[in-house]
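Given next are the chains, with one letter for each unit.
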Amino acid sequence: MSFNENKREKIQRYMLEKIDMGDKEFTRKTADTFDVSMTTVYRYIKSLEEKHIICKAGNRYILESVVQTAKLRRAKNELRDEDVIYARYIRKQVSDLADNVQRIWYYAFTEMMNNAIDHSEAGTVWIMIKKNYLNTTIMLMDNGVGIFRKITEYYQYDSLDDAVRELFKGKLTTDTENHSGEGIFFTSRALDLFAAVSDGKIFSHNKYSEVFASVKDEALLKPWENRAGTTIYMQLSNFSNRKISEVFDMYADADGGLTKTCVPIKNMFEMDPVSRSQAKRLCNRFEDFCEIELDFNGVQEIGQGFAHEIFVVFQNRHQNVKLIPVNMTKEVEKMIKHVLASNLRR
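Only a predicted model underlies this, so the values are computations on that prediction, with no experimental measurement involved.

Peer 1: Can you lay out the side chain of Q93 for me, pointing to particular residues and giving the numbers?
Peer 2: Position of Q93 among the secondary structure elements: in helix α5 (residues 91–94). What makes Q93 buried here is its relative accessible area of 18%. A distance of 3.0 Å separates polar atoms of two side chains, one belonging to Q93 and the other to Q68. Excluding residues that lie within four positions of it along the chain, Q93 makes contacts with Q68, I129 and K131.

Peer 1: Go over unusual backbone geometry with me, naming the residues and quoting the values.
Peer 2: The residue D81 is not glycine, and still its phi comes out positive at about 55 degrees. Note on placement: D81 falls in the loop between β3 (66–73) and α4 (82–89). The backbone phi angle of R285 is positive, close to 75 degrees, even though this residue is not glycine. With respect to the secondary-structure elements, R285 resides in the loop between α13 (276–283) and β10 (291–295).

Peer 1: Requested: an account of the nonpolar core, with residues and values cited.
Peer 2: Buried together is how nonpolar side chains tend to be arranged in soluble globular proteins. Grouped together as the largest cluster of nonpolar side chains are 75 residues, with contacts concentrated most on I127, M234 and F296. Ranked by the residues each element gives to this core, the list is headed by helix α6 (residues 99–118), at ten residues. Every residue in contact with I127, bar those within four places of it in the chain, is listed here: Q68, T69, A70, L72, I85, Y89, I90, F109, M113, M139 and L140. Ranked by size, the runner-up nonpolar core spans 18 residues in total, among them F26, I54, Y61 and L134.

Peer 1: Quick rundown of the pairing of strand β5 (residues 135–142)? Include the residues and the values.
Peer 2: Within a regular strand, side chains alternate between the sheet's two faces. Burial analysis of β5 places eight of its eight residues in the buried class, the great majority of the element. Both faces of β5 are covered, namely the face carrying N135, T137, M139 and M141 and the face carrying T136, I138, L140 and D142. Strand direction decides the pairing type here: strand β4 (residues 124–131) and β5, joined by seven bridges, are antiparallel. Bridge pairing in β5 places I129 opposite I138. Between the end of β4 and the start of β5, which pair antiparallel, lie three residues. In this sheet, strand β8 (residues 231–237) lies alongside β5 in antiparallel orientation, the contact comprising seven bridges. What sits directly across from L140, in β8, is I232.

Peer 1: How would you summarise the sheet that holds strand β7 (residues 201–203) if you had to cite specific residues and measurements?
Peer 2: Strand order across the open sheet formed by six strands is β3-β4-β5-β8-β6-β7, with antiparallel pairing between neighbours. Every interior strand has two partners, whereas the edge strands, β3 and β7, have only one. Going from strand to strand, the sheet's axes swing by 15 degrees on average, the running direction of each strand aside. Sheet topology places strand β6 (residues 193–198) next to β8; five bridges connect them, and they run antiparallel. Its bridge partner being in β8, F194 is matched across the sheet by M234. Each of β6, β7 and β8 touches helix α9 (residues 183–190); the most contacted strand, β6, lies at about 135 degrees to it.

Peer 1: For the pattern of salt bridges, give the residues involved together with the corresponding values.
Peer 2: Taken as a whole and judged by the stated rule, the model has 17 salt bridges. Between D162 and R165 there is a salt bridge whose closest N-O contact spans 2.7 Å. Highlighted residues: D162 and R165, both in helix α8 (residues 160–169), separated by three residues, approximately one helical turn. The same class applies to D162 and to R165, which are both buried. The shortest N-O distance in the salt bridge between E166 and R285 comes to 2.8 Å. Note that E166 is positioned in helix α8 and R285 in the loop between α13 and β10, a separation of 119 residues in sequence. With relative accessibility at 10%, the residue R285 sits in the buried group.

Reading the values: rules and limits
Residues numbered from 1 in each chain as written. Predicted model: local features only at pLDDT ≥ 70, side-chain atom pairs only at ≥ 80, totals over all residues. Heavy atoms only, no water. Helix = DSSP H or I, 4+ residues; strand = E, 2+ residues; numbered from the N terminus. Buried < 20%, exposed > 50% of the residue type's maximum accessible area, 1.4 Å probe, protein only. Polar contact = N/O pair within 3.5 Å; in protein donor to acceptor, adjacent residues only side chain to side chain. Contact = heavy atoms within 4.5 Å. Core = buried A, V, L, I, M, F, W, Y, C linked by side-chain atoms within 4.5 Å. Pairing = 2+ DSSP bridges. Axes fitted to C-alpha atoms, helices over the stretch in contact; angles between N-to-C directions. Salt bridge = Lys/Arg side-chain N within 4 Å of Asp/Glu carboxyl O.

Written out as structure tokens, the structure reads:
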């Protein structure tokens, strides 16, 4: 049976995604999904092996990856001009990808490299680019002071966890004269997977389960809890339809300023939040935004004090700030309605 190019690509992409997920039944699922014979499936597997897209690793298949690394040293004046560094080490690796994907990589890499150059106080930055058929991964590793420690010391926060929490909101920088503090915010949302790893802490807009799995899968990041400096982990599908302009439009106003933010509550607290003190830390700098989406995905319930402090105390003081709770369980929604109703009865 002969398929057109579009169907062949769909079958191939489906197989590769299943292989990348470690699905041991990808052959049967491919045959069932596309109503093809196992003989046809094995023919695809052989073709993918011959093209060096997949290879056998023990008793399973994995995607073949091309890995390149570079080492830049401040003492040799190599840590300057992030656009030049991109042109030298990254551009060629992504030049075969769609224009929208290249634009995301240019933005993400130059923003994060600039952070390493200007903020990290690092003497050395290592770059790793790993690319397979489906995804491209870029890692930046420096031996500097560490992103969370730098923020904690600059703002005199009580702990590194406070620095991690503030990064979720955006508009956070240790150099307000020269930087807007929006780079990490937009970069983390433009990519499929983003993580900043430092001092045993991880910041990521993604689900922590996905981040931990990806970070621990990287040989260079296995000792991440004890690694000095900062590691930035970035991944994007080679076939992404996302546009960097769309990411900006979601959170910025007509003048390009960051006016909206989205805060994943689950990522900010180890357990379901219950106290007013937790809410007060959460609301720090909320007044800098016009609209804040509070994502309760993964949060089973919240305390009365926590809800009251946000949706009554803070909201009454800052009525120009729009709070939008989303992905609520019935328990979370019930508690928010309860504190709002109690406020109306006063």
